[in-house]
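Spelled out from the first residue to the last, the chains are:
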Amino acid sequence: MLSRHIRILLCKLNFELPNRTHLLISYNYHNSSQFCCAAQVEEAGSKDNEEVQEAIGYAYNTVEKKKGLYRPKHTLEEQIAYMNSEVYADTYKGMPVYHFYRRNFKGQSVFMPKPRMFCVDKEGKFKVNHACPICRDEYLFFDYRNPALILQFLFDQTDRILPLKKLGLCFDQYAQLRAQLLKAKEHGLLMFFKYFCCIYHLK
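Along each chain, residues carry numbers from 1 onward, in the same order as the chain's sequence is written. With the structure being a predicted model, the display of local features is reserved for residues of pLDDT at least 70 and the display and counting of side-chain atom pairs for 80 or more, all residues being used for whole-chain, interface and lining totals. Just so you know, side-chain values use all the structure's heavy atoms and leave hydrogens and water out.

Caption draft 1: Representation of the overall build of the chain in the model. The secondary structure listing takes helices from DSSP runs of H or I that are at least 4 residues long and strands from runs of E that are at least 2 residues long, numbered from the N terminus. The secondary structure content of the chain amounts to six helices and zero strands. Counted from the first residue to the last, the chain has its helices and strands arranged as α-α-α-α-α-α. Think of it in three bands: with a 1.4 Å probe and only protein chains considered, a residue is buried below 20% of the maximum accessible area for its type, exposed above 50%, and partly exposed in between. When burial is assessed residue by residue, the chain has 28% of its 203 residues classed as buried. Only heavy atoms matter for contacts: two residues are in contact if any of them lie within 4.5 Å across the pair. The contacts of the chain with a sequence gap of at least 6 include a subset with a gap of at least 24, amounting to 62%.

Caption draft 2: The arrangement of unusual backbone geometry in detail. With a phi close to 55 degrees, Lys93 is a non-glycine residue in the positive phi region. Unusually for a residue other than glycine, Gln157 sits at a positive phi of about 60 degrees. When you line up the elements, Gln157 lands in the loop between helix H4 (147–151) and helix H5 (164–167). The exposure class of Gln157 is exposed, given its relative accessible area of 77%.

Caption draft 3: Fine view of the layout of surface pockets. Definitions used for this entry: grid spacing 1 Å over protein atoms alone; cavity, a set of points where a 1.4 Å probe fits but cannot get out; pocket, an open set with protein on both sides within 12 Å along at least 5 of 7 lines; lining residue, one with an atom within 4 Å of a point. Grid points are joined across faces, edges and corners, and a volume is the space filled by probe spheres set on the points. Its volume calculated, the largest pocket comes out at about 480 Å³. Contributing to the lining of the largest pocket are 22 residues, with Arg71, Val120, Asp121, Asp172 and Gln173 lying nearest its centre. Note on residue categories: nonpolar means Ala, Val, Leu, Ile, Met, Phe, Trp, Tyr, Cys or Pro, charged means Asp, Glu, Lys or Arg, and polar means any other residue, Gly included. Grouping the amino acids of the lining of the largest pocket by side-chain chemistry returns eleven nonpolar, four polar and seven charged.

Caption draft 4: Looking closely at helix H6 (residues 171–186). Over its 16 residues, H6 extends 23 Å from the first C-alpha to the last, a length consistent with the 22 Å expected when each residue adds 1.5 Å. Where H6 is concerned, the buried positions are Gln173, Tyr174, Leu177, Gln180, Leu181 and Ala184. Projected down its long axis, H6 shows its buried positions confined to an angular sector of 130 degrees, all on one face. Exposed and oriented more than 90 degrees from the buried face of H6 are Arg178 and Glu186. Looking at the buried residues of H6, the elements they touch are H4 and H5. Two residues or fewer past H6, Gly188 is found with a positive phi of approximately 80 degrees. In this analysis, the expected span of each helix is defined as 1.5 Å times one less than the number of residues it contains. Summarising the geometry, the arc corresponds to the directions from the helix axis toward the C-beta atoms.

Caption draft 5: Representation of helix H2 (residues 76–83) in the model. Inspection of H2 places Leu76, Gln79, Tyr82 and Met83 among the buried residues, and these make up the whole buried set. Looking straight down H2, one finds that the buried residues subtend no more than 120 degrees of arc, so they occupy a single side.

Caption draft 6: Broad picture of the pattern of salt bridges. Within this document, salt bridges are pairs made up of a side-chain nitrogen of Lys or Arg and a carboxyl oxygen of Asp or Glu, the two lying within 4 Å of each other. This model, assessed by the stated rule, comprises two salt bridges. Between Asp143 and Arg145 there is a salt bridge, and its shortest N-O distance comes to 3.0 Å. You can call Arg145 partly exposed: its relative accessible area is 48%. Note that Lys185 and Asp159 form a salt bridge whose closest N and O atoms lie 3.2 Å from each other. Within this pair, whereas Lys185 is found in helix H6, its partner Asp159 is found in the loop between H4 and H5, the two being separated by 26 residues in sequence. The exposure class assigned to Lys185 is partly exposed, which follows from its relative accessible area of 33%.

Caption draft 7: Just the side chain of Asp137, in detail. In this fold, Asp137 is placed in the loop between helix H3 (86–92) and H4. In this tally, Lys and Arg are treated as positive and Asp and Glu as negative; His is ignored, and so are the chain termini. Buried and unpaired, Asp137 has Arg71 as its nearest opposite-charge partner, separated by 6.3 Å. Two N or O atoms count as a polar contact when they lie within 3.5 Å, although within protein this holds only if one can serve as hydrogen donor and the other as acceptor, and sequence-adjacent residues are included solely when both atoms are side-chain atoms. Side chain to side chain, Asp137 and Tyr82 meet in a polar contact 2.8 Å long. In contact with Asp137, not counting residues within four places along its chain, are Asn61, Arg71, Tyr82 and Tyr92.

Caption draft 8: Quick peek at the environment of Gln79. Examined against the element boundaries, Gln79 turns out to sit in helix H2. With near-sequence residues (within four places) excluded, Gln79 lies in contact with Tyr139, Leu140, Phe141, Asn146 and Leu149.

Put into structure tokens, the structure is as follows:
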């Protein structure tokens with residue numbers, strides 16, 4: 001009697017086991033496909049969120065408070081096209097880029113504030129809200145291949161740089177200006193002629 005029950009149980013297991021495994025496999029397959037779809041949706045959503053955060057995290061020219069945001073990087077061709085555009089002409093009115101710049105410092109009409117060490121850190125983020133004339137504009141950076149920008153910071157018809165407190169640059173950009181000016185003179189993009197006047201006293 002006991003062996004008969006064991007045989008019946010074994011027969012049931014032998015016949016039902018494939019069906020159960022098939023059901024388990026199909027159930028796991030559907031769950032895995034749903035999980036993959038959900039993972040793809042979450043991944044796409046995370047990518048969209050990263051793109052939105054990345055777009056928000058950059059300090060464009062339209063952003064006033066730039067502290068903690070990344071400074072956008074542009075190529076030299078984009079800089080030259082920007083300097084020849086109407087937006088640049090309307091912004092600076094044909095004057096040097098430092099002409100309308102004023103530090104948010106009380107009493108600067110009498111006493112010019114001390115220049116900063118840098119406006120943008122090594123990670124590319126702004127450390128201040130009111131950056132120097134070069135750092136605040138996302139398209140501007142010193143490059144020896146664009147001497148038109150370098151000439152704005154020099155005395156007329158000379159290779160002498162204007163005083164730092166008048167320019168309002170940070171020390172980092174001032175060092176870049178000196179380096180790119182020297183490089184432009186070495187490549188022959190900026191040429192200056194010095195005239196010597198010799199006076200002879202005839203007796």
